[in-house]
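Structure at a glance
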Amino acid sequence: TVEVTLRMYWIVLPLAFVAALIDAIGGGGGVISLPAYLKAGLSPVVASGSNKFSATFGSLLAAIRFIRSGRMPYAPALLAVAGALPGSYMGAELLKRVSDQWMRAFLLFALPAAALLLIFGRVGAGEPRPMTRKKLALCPAIGLLAGFYDGFFGPGTGTILILLFTGLIKMDMVSASGAAKLVNLASNVAAMISLLAGGKVLFELALPAMACSALGGYLGAKLTV
């Protein structure tokens, strides 16, 4: 059992807010929030489970804000959600089966790689184009791949989704961001269910971080819209 200290709150809570704010605007908040949990002293799997728990509610408020704005592209978003749910659950199940030692080694490579994606990733150029059946058919595969990545690792998922929606589906930035929020919410929920069932969430830290994440997600979505 991990004893939560004041230092852990000082590390995680401000960064959970900033991560959700950034994630709602352009994705990639996990590059901030997951290292915050690791810096607080949690094992990689518990850090991931706690991060998923707190980030889910930030994603929820961000998605609600987009829906209320009328900028949510439901058809591509829901088709991608259908792929993200099983993909994320499978990714989280795999995460629970790897050793902490292996995961720490993986994170040394994966976190910098995700940060580079956020810095150098470019949203698809050109004018948005009409939605077609061929583009809609790609959405479940996009959700499946992004969901599996999110369930197993996570940071950069929102950015990956936005890049795929703008690059492959030719959506405008705001619509792509809205769709990414709904898909990311679904993948967070699926992974959280798996990690909760495995006892991989530190509630004493994740619950207050959830409140900070919810506030950051709402403000970030408002800024984007």
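1. Section: the side chain of arginine 65
With respect to the helices, strands and loops of the structure, arginine 65 is situated in helix α3 (residues 44-69). For arginine 65, which is buried and forms no salt bridge, the nearest opposite charge comes from aspartate 172, at a distance of 14 Å. Residues contacting arginine 65, with those up to four places away along its chain left out, are Tyr218, Ala221 and Lys222.

2. Structural notes on the side chain of serine 50
Relative to the helices and strands, serine 50 is located in helix α3. Given a relative accessible area of 0%, serine 50 falls into the buried group. The residues touching serine 50, leaving out its near neighbours within four places in the chain, are Tyr37, Leu42, Lys200, Val201, Leu202 and Ala206.

3. Considering the nonpolar core
Formed by 34 residues in total, the largest nonpolar core has its most connected members in Tyr37, Leu42, Phe153 and Leu205. For this core, the secondary structure elements donating two or more residues are α1 (6-26), α2 (30-39), α3, α4 (74-97), α5 (100-120), α8 (173-197) and α9 (203-224). Each residue touching leucine 42, except ones within four places of it in the same chain, is listed here: Met8, Tyr37, Ala47, Ser50, Arg104, Leu202 and Leu205.

4. A closer look at the confidence of the model for the protein
Of all residues in the protein, 95% attain a pLDDT of 70 or more, and the chain-wide mean is 89. Per-element confidence in the protein is highest for α4, whose mean pLDDT is 96, and lowest for α5, whose mean pLDDT is 86.

5. Some points on a nonpolar patch on the surface
Residues Met90, Leu94, Leu144 and Phe148 make up a contiguous nonpolar surface patch of roughly 340 Å² in combined accessible area. Tracing the chain through its elements places leucine 94 in helix α4.

6. Some details on the packing of α2 against α3
In contact at an axis separation of 9 Å, α2 and α3 are set at 130 degrees when each is read in the N-to-C sense. Taken together, the axis directions place α2 and α3 in an arrangement best described as oblique. Where α2 crosses over α3, the two elements pack in a sense that is right-handed. Listed contacts from α3 to Ser33, Leu34, Tyr37 and Leu38 of α2 are Pro44, Ala47, Ser48, Ser50, Asn51 and Ser54. Looking at the contact of α2 with α3 residue by residue, the classes come out as 5 nonpolar, 5 polar and no charged.

Cut-offs and rules
- Residues numbered from 1 in each chain as written.
- Predicted model: local features only at pLDDT ≥ 70, side-chain atom pairs only at ≥ 80, totals over all residues.
- Heavy atoms only, no water.
- Helix = DSSP H or I, 4+ residues; strand = E, 2+ residues; numbered from the N terminus.
- Buried < 20%, exposed > 50% of the residue type's maximum accessible area, 1.4 Å probe, protein only.
- Lys, Arg positive; Asp, Glu negative; His and termini not counted.
- Salt bridge = Lys/Arg side-chain N within 4 Å of Asp/Glu carboxyl O.
- Contact = heavy atoms within 4.5 Å.
- Core = buried A, V, L, I, M, F, W, Y, C linked by side-chain atoms within 4.5 Å.
- pLDDT = per-residue confidence, 0-100.
- Patch = residues over 30% accessible without salt bridge, like charges linked within 9 Å, V, L, I, M, F, W, Y side chains within 5 Å.
- Areas by Shrake-Rupley, 256 points an atom, 1.4 Å probe, with all protein chains shown as cover.
- Axes fitted to C-alpha atoms, helices over the stretch in contact; angles between N-to-C directions.
- Parallel < 35°, antiparallel > 145°, perpendicular 65-115°, else oblique.
- Left-handed = near helix turned anticlockwise from the far one by under 90°.
- Nonpolar A, V, L, I, M, F, W, Y, C, P; charged D, E, K, R; others polar.

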